[in-house]
Amino acid sequence: MGKQRVAQLEYSEFQSAMLDEQKRRRKAAKIIAVLEHFHGSLGGLTVGDVGCSAGFIADELAQAGAKHTLGIDIDVPGLRKAADRFGERVAFVCGDGTALPFPDGSIDVLVFNHIYEHVIDPDAVVAEMHRVLSDDGVLYLGLGNRLGVMEPHYKLPFLSYLPPALADRYVRAFGRADHYYERFRTRRGLRRMLRAFHVWDYTFPVLATPTKFAGGELFPGLPGKVVRAVLAKTPREVLRLLLPVVPTYLWVATKTPRPPAGAALPQPPERVRPL
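Note that this is a predicted model, so its numbers are computed, not measured.

This part covers helix 3 (residues 56-63). Within helix 3, 6 of the 8 residues are buried, which leaves it mostly tucked inside the rest of the structure. When helix 3 is considered as a whole, its buried residues turn out to be Phe-56, Ile-57, Ala-58, Asp-59, Leu-61 and Ala-62. Buried residues along helix 3 sit against helix 2 (21-38), strand 1 (46-50), strand 2 (68-73), helix 4 (76-86), strand 3 (91-94) and strand 4 (107-113). Phi for Gly-65, located one or two positions after helix 3, is positive at around 115°.

To continue, consider the environment of Leu-61. Mapped onto the fold, Leu-61 is located in helix 3. For the pair Leu-61 and Phe-86, spaced 25 residues apart in the sequence, the C-alpha separation amounts to 11 Å. When sequence neighbours within four positions are dropped, the list of residues in contact with Leu-61 reads Ile-32, Leu-42, Val-47, Asp-49, Ala-66, Thr-69 and Val-111.

Moving on to the packing of aromatic side chains. Applying the stated criterion across every chain yields a total of 8 aromatic pairs. Seen from their ring centres, Phe-38 and Tyr-202 are 6.5 Å apart, and the 70° between their planes marks the pair as edge-to-face. Of this pair, Phe-38 sits in helix 2 while Tyr-202 sits in the loop between strand 6 (198-201) and helix 8 (203-208), placing them 164 residues apart in sequence. Judged by relative accessible area, which is 0%, Phe-38 ranks as buried. Where Phe-56 meets Phe-86, the ring centres are 5.9 Å apart and the plane angle is 70°; that geometry is what we call edge-to-face. Of this pair, Phe-56 sits in helix 3 while Phe-86 sits in helix 4, and the two are 30 residues apart along the sequence. When sorted by exposure, Phe-56 lands in the same class as Phe-86, which is buried. The residue whose ring lies beneath Arg-187 is Tyr-249, and the NZ or CZ to ring-centre distance is 5.0 Å.

With that settled, consider the side chain of Asp-73. Along the chain, the position of Asp-73 falls in strand 2. One buried charge, Asp-73, has no salt-bridge partner; the nearest side chain with opposite charge is Arg-24, at 7.6 Å. Reaching out from Asp-73, the side chain makes a polar contact with the backbone nitrogen of Asp-75 at a distance of 3.0 Å. In this view, Asp-73 contacts Gly-51, Cys-52, Ser-53, Leu-79, Val-93, Cys-94 and Gly-95; residues no more than four positions away in its chain are not counted.

Here we take up the pattern of salt bridges. When the charged atoms of two side chains lie near each other, side chains of opposite charge can form a pair. One pass over the full model with this rule turns up 12 salt bridges. Of the charged contacts, one joins Arg-25 and Glu-21 as a salt bridge, the two residues approaching to 2.9 Å between their closest N and O atoms. Of the two residues, Arg-25 and Glu-21 are both situated in helix 2; the distance of 4 residues between them amounts to about one turn of the helix. We classify Arg-25 as buried; its relative accessible area is 18%. Given a relative accessible area of 27%, Glu-21 falls into the partly exposed group. Linking Arg-25 and Glu-60 is a salt bridge whose minimum nitrogen-to-oxygen distance equals 2.7 Å. Linking Arg-25 in helix 2 with Glu-60 in helix 3, this pair joins segments that are 35 residues apart in sequence. Glu-60 sits in the partly exposed class, given a relative accessible area of 21%.

Rules used in this analysis
Residues numbered from 1 in each chain as written. Predicted model: local features only at pLDDT ≥ 70, side-chain atom pairs only at ≥ 80, totals over all residues. Heavy atoms only, no water. Buried < 20%, exposed > 50% of the residue type's maximum accessible area, 1.4 Å probe, protein only. Helix = DSSP H or I, 4+ residues; strand = E, 2+ residues; numbered from the N terminus. Contact = heavy atoms within 4.5 Å. Phe/Tyr/Trp six-rings, centres within 6.5 Å; stacked < 30°, edge-to-face > 60°. Lys NZ or Arg CZ within 6 Å of the ring centre and 35° of its normal. Lys, Arg positive; Asp, Glu negative; His and termini not counted. Salt bridge = Lys/Arg side-chain N within 4 Å of Asp/Glu carboxyl O. Polar contact = N/O pair within 3.5 Å; in protein donor to acceptor, adjacent residues only side chain to side chain.

Function cannot be read off these values alone, since they describe shape.
Right, here's the structure in full:
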């Protein structure tokens, strides 16, 4: 039996990427662009960032026009930094994602970006987000794939493929950490996790037209132009063959069925078949 997992408290204290303001704001721009393509303007809405840490994404959501912006996390040092800088326009809440302190149906938009692998019970967090989301609300999801070759936190190939005991030895052998905490799921497992929602996949739309989604840095220079052209013109039937090993999925989920509101794209969003 593996060790019992405990919550990753004070995550920003040992994961410096959470304090990389420029990178976090670039991520926020992509998130907002996807949300606006699917839903339209965030103006006048109540928006929550679950797993906000130091608050950069929440701050960008507020500046995008949200009427009320909430940042939720258990990372107390991160929340202190966030409140000191952005407390005038964002309400930061120290709270567990498995027991969100909001009434049923009270939030219009939720962001859950690269968080599920860090929490003890992601299914319970997803159920809570379903509860607090309004009937016509939207949930943005950045989801790492267990079968992505390069593990994103420790930059070790095939790390997420391994069982916990072997993964612990792997990160220790390369001096990355004492143990490997994160638990990723396959695409099938993620579909099961989101089975209560109607889900649209924005992964290929963002990769094929990154400038549309504030992701121009994904493929820079001349090689980037070639990659974008290939992705934009490759038949979706071919791209679907890559889905099991795509490292990150960008999904938008709703409680009730609805199509994206935005303009047509070379690679349009597709429904994710529920399990």
